[in-house]
Amino acid sequence: MHHVITVYNYMFHYMEGVMRALAKKKTQWKEGLFFTVKLARQKLSKSYAEVTPTTGMLLISASILDPFRKLRWFRKWEKGMDINPEDETSYTTQYQEAFMK
């Protein structure tokens, strides 16, 4: 269960990379592939949006309890988005506080 967040993030990242690579291509099969990946990303986004707060906290807790991940995964994620993990509005801080409660 502690891999779910990671798998979602990798799938989003991969699909975005494919879409960037295909965005300006004009051959028919590449345009078709771009459209297909775009639809798949929309479906993945819809699925991800259906995660409830309870389910989300369960996935976050599973990641924090993983001895190889703990909060490091969230800090790495925030670093990629140029967010300071020490900021009280950061995901790392919010998830840590929710976990401790």
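Residue positions are given per chain, counted from 1 along the sequence in the order it is written. With pLDDT at 70 or above as the cut-off, local features in this predicted model cover only qualifying residues; side-chain atom pairs require 80 or more to be listed or tallied, and sums for whole chains, interfaces and linings still use all residues. Hydrogen atoms and water are omitted, and side-chain values are computed over all heavy atoms in the structure.

(A) Highlighting the packing of aromatic side chains. In this scheme Phe, Tyr and Trp rings, the latter by its six-membered ring, pair at centre separations within 6.5 Å, and the angle between planes marks the pair as stacked below 30 degrees, edge-to-face above 60, and tilted otherwise. One pass over the full model with this rule turns up 6 aromatic pairs. Both rings, one in F12 and one in Y48, keep their centres 5.7 Å apart while their planes meet at 85°; by these two values the pair is edge-to-face. Taken together, the residues F12 in helix α1 (residues 4-22) and Y48 in helix α2 (residues 28-49) connect sequence positions 36 residues apart. What makes F12 buried here is its relative accessible area of 11%. Here the aromatic cluster, defined as three or more aromatic residues joined through ring pairs, consists of Y8, F12 and Y48. Runs of H or I in DSSP of at least four residues are treated as helices and runs of E of at least two as strands, each being numbered from the N terminus. Note on exposure labels: buried denotes an accessible area under 20% of the residue type's maximum, exposed denotes more than 50%, and partly exposed covers the range between, all computed with a 1.4 Å probe on protein chains only.

(B) View of the layout of surface pockets. As a volume, the largest pocket reaches approximately 230 Å³. If you list the elements that add at least two residues to the lining of the largest pocket, you get α1 and α4 (72-80). The element contributing the most residues to the lining of the largest pocket is α1, with 5 residues. Amino acids are sorted into nonpolar (Ala, Val, Leu, Ile, Met, Phe, Trp, Tyr, Cys and Pro), charged (Asp, Glu, Lys and Arg) and polar (every other residue, Gly among them). Across the lining of the largest pocket, the residue classes break down as 4 nonpolar, 3 polar and 2 charged. In this analysis a 1.4 Å probe is tested at points of a 1 Å grid over the protein atoms alone, and where it fits but cannot get out there is a cavity; an open set with protein on both sides within 12 Å along at least five of seven lines is a pocket; lining residues have an atom within 4 Å of a point. Grid points are joined across faces, edges and corners, and a volume is the space filled by probe spheres set on the points. If you add up the space inside the second largest pocket, you get close to 170 Å³. Every residue lining the second largest pocket is listed: V4, I5, Y8, Y48, V51, G56, L59, I60, F74, W77 and Y95. Secondary-structure elements contributing two or more residues to the lining of the second largest pocket are α1, α3 (53-65) and α4. By residue class, the composition of the lining of the second largest pocket is 10 nonpolar, 1 polar and no charged.

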